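Inside the fold
Each chain, written out:
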Amino acid sequence: MKVFVVGIGLIGGSMVLDIKTLHPEVKIYGIDTNENHLAEAIALGVVDAGATFTDLVDADFVIVSVPVDVALTVLPKVLDAIGNQTIVFEVGSTKMPVCEAVANHPRRRNFIATHPIAGTEFSGPSAAIKGLFQGKTNIICEVEKTTFKLQEKALQLFIAMGMRIRYMDPKSHDKHIAYVSHLSHISAFMLGKTVIDKEKHEQDIFDMAGSGFESTVRLAKSSPAMWTPIFKQNRKQVVKTLNEYILNLSKFKELLENEDYEAIYNEMQSVNKIKDILNGMKS
């Protein structure tokens, strides 16, 4: 088995580590414009060797795990280079633009659009983790456009990694992910900015920061190079979620200004049910 990963970071790197565990005989090849990333990935044992696009003709699997704006140009090049039995999947956080980019490609049937809902705030080859996808959901879009035999090949791999499969159209994916992922990252970035701006005058803020602050702002450590293109591609949906979020923040501020603590209590109590929703997702 030959597996190629284009863009050796958290998601692509974690995938090939799992593939190595499942298939010890596999050969993993990396393609990355960052030579330091490639060298680091080889040194860490994430990939076995470097490769080029011309090598993709013999690939069994190709994982495209580059920033979503880069994927729009890289994915067609990958599809141009592969053989008939290769299955290609792209793992970015927006799905409509990438599906549109390859809609009319002659090898569209060799492509499966995926989004594994897993990750950390870290990036690069050293961020790769074995078992990252165990129990996580993998969103698959436009599965009917992938030839059935290659669908099966990909799905068997995802299930072996421990992933749960969910099917969704690209528009719905981008709408829903704007709420549960993209808005979360913006909230973390802007909370971090608010505190950093104030910290210029009050060092005590960071001295007092506890685990609550740390867990809330954790996502602000995420890569701007990855997230700026995501916000750009999903701009319309993200703006809608931000309008709703800002409205809720303004309402909370108004309640506090009016000293309506009963309403504040009720607002928070109504949101407490989210723990039941999250517990249900984990079960």
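Residues numbered from 1 in each chain as written. Predicted model: local features only at pLDDT ≥ 70, side-chain atom pairs only at ≥ 80, totals over all residues. Heavy atoms only, no water.

The protein has the name Prephenate dehydrogenase in an unreviewed UniProt entry, where Flavobacterium fryxellicola is given as its organism.

1. Here we look at the domain arrangement of the protein
Interface size is commonly expressed as the accessible area that is lost once the parts come together. Segmentation of the protein into domains returns domain 1 (2-168) and domain 2 (173-280). Averaged C-alpha coordinates put domain 1 and domain 2 at centres separated by 30 Å. Listed by partner, the interface residues are 18 residues for domain 1 and 15 residues for domain 2. Carbon and sulfur atoms supply 62% of the area that domain 1 and domain 2 bury against each other, a total of about 1,300 Å² over both sides. Considering only the surface of domain 1 that becomes buried against domain 2, Ser93, Thr94 and Glu121 emerge as the three largest contributors, covering 41% of it. Inspection of the region where domain 1 meets domain 2 yields 0 salt bridges. At the boundary of domain 1 with domain 2, the tally comes to 6 residue pairs in polar contact (both at pLDDT 80 or more). Secondary-structure elements contributing two or more residues to the side of domain 1 that touches domain 2 are helix H3 (68-81), helix H4 (96-101) and strand S7 (137-141). Among the elements that line the side of domain 1 that touches domain 2, the one with the most residues is H3, at 3 residues. (Domains from an automatic or database assignment. Contact = heavy atoms within 4.5 Å. Buried area = accessible area lost by both parts, 1.4 Å probe. Salt bridge = Lys/Arg side-chain N within 4 Å of Asp/Glu carboxyl O. Polar contact = N/O pair within 3.5 Å; in protein donor to acceptor, adjacent residues only side chain to side chain. Helix = DSSP H or I, 4+ residues; strand = E, 2+ residues; numbered from the N terminus.)

2. Re the nonpolar core
A general tendency of soluble globular proteins is for nonpolar side chains to be buried together. Met15, Ile63 and Phe89 are the most contacted members of the largest nonpolar core, which has 34 residues in total. If you list the elements that add at least two residues to this core, you get strand S1 (2-6), helix H1 (10-22), helix H2 (35-44), strand S4 (61-64), strand S5 (87-90) and helix H5 (148-160). Counting residues per element, this core draws most heavily on H1, which supplies 6 residues. Residues contacting Met15, with those up to four places away along its chain left out, are Ile63, Phe89, Val91, Pro116, Phe133, Phe158, Met161 and Met163. Core analysis: the second largest hydrophobic core is formed by 24 residues, Val6, Val64, Leu75 and Ile82 among them. (Core = buried A, V, L, I, M, F, W, Y, C linked by side-chain atoms within 4.5 Å. Buried < 20%, exposed > 50% of the residue type's maximum accessible area, 1.4 Å probe, protein only.)

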